[in-house]
Amino acid sequence: MTGIARTFRALAATATAALLTATAAAPAASARPEPKAPPEFVDLRSVDPTIITEMRYPTPHNFMGEPVDGYRRPVCILTRPAALALRTAQRSLLRQGYSLKVYDCYRPQRAVDHFVRWAKDLDDQSMKGEFYPSVDKSRLFEDGYIAEKSGHSRGSTVDLTLVKLPALPTRPYEPGEEPAPCYAPRNERFPDNSVDMGTGYDCFDTLSHTDDPRVQGVQRANRQFLKATLTDLGFVNLAEEWWHFTYKPELFPDTYFDFPVSRRSVAGH
């Protein structure tokens, strides 16, 4: 082998090694660490494991019909004061033969962004029959059902209901099943194991307004029972959604977090 050939071979080997090193290092250099929750956030089950959890957004049984970005596990994450207040409510309710059941708690900003993208796609209306049967999807922003920010992302807001004990199981949702309107009579809409609140959870309809005058009798009494129980402990109800409550004062009133919903986000808290 001539000296020139040996030189070219050495240069080629050096270049190949450099390329492999750069390629191997690229993912590590470009990878961004996953954000974690501040220490003030906790997994609700670590505070009160008796509260029933039926997190909807990690599943396809929601108004979009698919798991929502950022929900890695069906975990209810809240700021510690909100979780402690729910524990106090639960202790009172258990003595009366009821349990709380949570549908959604902390919600990452990436999930809210997913809602916004879905709302702008007017061709995707696969879940209209259950969750917004009387609302044109083009009006979801204007009517206030979808927004670019959510109080849930601040960590002290929770969506929840009441279950009469002993709690019966809720049957699994089957993707593609025939939808029933969320405001249909209880024996016709999706068979949730909660008490009758007049509509299902996340029902985009004015009948979901907590004090809608059309909701009377047992349904109205159930809403008022839930509202009174939580209001006495510092929660404020959103008038448009009987299930939506925010604990006041909020620890992070101006911060919209984006760490994923997973046990790892609150590990060690």
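As shown above, the structure is provided for reference.
Residues numbered from 1 in each chain as written. Predicted model: local features only at pLDDT ≥ 70, side-chain atom pairs only at ≥ 80, totals over all residues. Heavy atoms only, no water.

Focus: the overall build of the protein
Now for step 1: From N to C terminus, the protein includes six helices and seven strands.
Now for step 2: Listing the helices and strands of the protein from first to last along the sequence gives α-β-α-β-β-α-β-α-α-β-α-β-β.
Now for step 3: A buried classification covers 46% of the 269 residues belonging to the protein.
Now for step 4: Across the protein, the fraction of contacts at a sequence separation of at least 24, relative to all contacts at a separation of at least 6, is 75%. (Helix = DSSP H or I, 4+ residues; strand = E, 2+ residues; numbered from the N terminus. Buried < 20%, exposed > 50% of the residue type's maximum accessible area, 1.4 Å probe, protein only. Contact = heavy atoms within 4.5 Å.)

Details of the side chain of K101
Now for step 1: Topologically, K101 is positioned in strand β4 (residues 98-104).
Now for step 2: What makes K101 buried here is its relative accessible area of 0%.
Now for step 3: Of the polar contacts made by the side chain of K101, one reaches the side chain of D192; its length is 2.8 Å.
Now for step 4: With sequence-adjacent residues up to four places away left out, K101 is seen in contact with I52, E54, D159, L160, T161, V163, T170, D192, N193 and S194. (Polar contact = N/O pair within 3.5 Å; in protein donor to acceptor, adjacent residues only side chain to side chain.)

Thoughts on the packing of aromatic side chains
Now for step 1: Here the structure, examined in full by the defined rule, presents 22 aromatic pairs.
Now for step 2: With 5.2 Å between their ring centres and 80° between their planes, F41 and F257 make a pair best called edge-to-face. Note that F41 is positioned in strand β1 (residues 41-43) and F257 in the segment after β7 (244-247), a separation of 216 residues in sequence.
Now for step 3: Through pairs of rings, three or more aromatic residues link up here, namely Y57, F63, Y71, F115, W118, Y132, Y145 and F204.
Now for step 4: It is K149 that lies over the ring of Y256; its NZ or CZ is 5.0 Å from the centre.
Now for step 5: Of note, K164 hangs over the ring of Y98, and the distance from its end group to the ring centre comes to 4.4 Å. (Phe/Tyr/Trp six-rings, centres within 6.5 Å; stacked < 30°, edge-to-face > 60°. Lys NZ or Arg CZ within 6 Å of the ring centre and 35° of its normal.)

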